[in-house]
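Working through the structure, step by step
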Amino acid sequence: MIPYGKHCVDEDDIDAVVDVLRNQFLTQGSVVPQFEQALCEYTGTNHCVAVNSATSGLHVACLAAGVIAGDVVWTVPNSFVASANCALYCGARIDFVDIDPLTRNIDIGALEKKLHHAATQNCLPKALIVVHFSGLSCDMQSIHKLTQMYSIVLIEDAAHGLGGSYQQSKIGSCVYSDMAVLSFHPVKSITSAEGGAVLTNQSHVYEKLTLFAKHGVTKDPSQFRGESHGSWYYQQLELGYNYRLSDIHAALGLSQLKKLDVFIQKRSKLANVYNQALADLPLKLPVVEPQFKSAWHLYMVELTQHDRQKVYQQLHKKGVAVNVHYIPIHLQPYYQQLGFKQGDFPVSEHFYQHALTLPLFPSLTPAEQSKVVDVLHEVLL
Ligand SMILES: *Cc1c(COP(=O)(O)O)cnc(C)c1O
């Protein structure tokens, strides 16, 4: 069975983890700050807080944005549930903006209209969370212009995006946003098993992120209310969480980060092979404009003539484990119970009905990829 995604761990990754187990602190040691520093250098960002998942990262990003009960946060339906759940964790309400049928990222025209309407109703969101779906950056400059106009905190869910770029900058650079959240789950660009990070260029945001990810507790005397009792002293200033990444996980992430560019090159070569080899099939293939460099987290196709359910089963029977991204968040039973319904976001719903994710990961061999291409031809022609 050829899977749709797979991590790529070598001997040097294993050695890096073993070194922590043998010689270093298992948590709160020096490897986490090294990993954070390396992520700042790679993305060109000033500050980074490593956390134990992107989900935790999205939660602390919302907290640092000041999201509280009574606020509204907007995101897209075409994402993993974590992109919306983070707002609910803060007691806020969530609403969605539909996607663009070509990029499958947020529809900027729809966003502009919805913002204009919300402004007239006095119900603007506190924060907007955009998703760089499949590793293709959103048009951040245009989105930033809108969020600036209405004073909305802009958060990038960059779980798919590490290694991709937009204009002259890496995804995660926060040139046009307040914060960007990365994931190191095994199917993503690089892995730390479980893990994530929040990037920002603003030092006051960085301080809040650090506080919320570490129990709301600080040992920094400059942040204390009143006098320090001595060098053992700490204060809890916020209701924070234990979202720390361990040094064992950070060692894996740091070692993987050294190979990120090679991983992305391999993904992008494989994507080009698909683009050419599938051009004769009744499929809508992904489009990437020249000012974007996709991280190619996912290679998505849309069926234009066939029934998705049937094709999915035929491909699985023939050894190709295609997947489907994403069941629109607003159609999940939990979100239906909050009042969302079928028909609310038709572009996301249409995409979901026809989408298939093909196998794409750095270690996919030419022989395996040929098999995927051949099987698709057998099933679709
Ligand atoms: C994977 C993913 C997440 C969650 O990442 P975890 O690190 O598993 O918490 C959030 N958003 C998107 C878009 C994802 O793909």
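Quick note: structure is the one above.
All of the points below concern the structure found in this document. (Residues numbered from 1 in each chain as written. Predicted model: local features only at pLDDT ≥ 70, side-chain atom pairs only at ≥ 80, totals over all residues. Heavy atoms only, no water.)

**Quick look at the pairing of strand β9 (residues 196–200)**
Within β9, five of the five residues are buried, which leaves it mostly tucked inside the rest of the structure. Because side chains alternate across β9, one face comprises the buried residues G196, V198 and T200, and the other comprises A197 and L199, equally buried. Pairing analysis gives five bridges linking strand β1 (residues 47–51) to β9, with the strands arranged antiparallel. Bridging from a neighbouring strand, V51 pairs with G196 of β9. Relative to β9, strand β8 (residues 179–183) is paired through four bridges, and the arrangement is antiparallel. Counted as the bridge partner of V181 is V198 from β9. (Buried < 20%, exposed > 50% of the residue type's maximum accessible area, 1.4 Å probe, protein only. Helix = DSSP H or I, 4+ residues; strand = E, 2+ residues; numbered from the N terminus. Pairing = 2+ DSSP bridges.)

**Quick word on the nonpolar core**
Soluble globular proteins: nonpolar side chains tend toward being buried together. Of all hydrophobic cores here, the largest spans 36 residues; its most connected members are V67, V73, I94, F96, I155, M179 and L209. Considering every element that reaches this core, the biggest residue donor is helix α3 (residues 54–64), with seven residues. Formed by 31 residues, the second largest nonpolar core is a distinct cluster that contains V72, V76, L128 and I143. (Core = buried A, V, L, I, M, F, W, Y, C linked by side-chain atoms within 4.5 Å.)

**Overview of the sheet that holds strand β3 (residues 93–96)**
What the seven strands build is an open sheet, ordered β1-β9-β8-β5-β4-β2-β3; its pairing is mixed. The sheet is open, and its two borders are formed by β1 and β3, each paired with just one other strand. Each strand axis lies, on average, 20° off the axis of its neighbour in the sheet, ignoring direction. Here helix α2 (residues 31–43) sits on the sheet in contact with β1, β8 and β9, set at roughly 130° to β1. Its contacts with the sheet put helix α7 (residues 203–213) on β1, β8 and β9, and the angle it makes with β1 is roughly 15°. (Axes fitted to C-alpha atoms, helices over the stretch in contact; angles between N-to-C directions. Contact = heavy atoms within 4.5 Å.)

Limitation: the analysis is restricted to geometry and does not speak to function.
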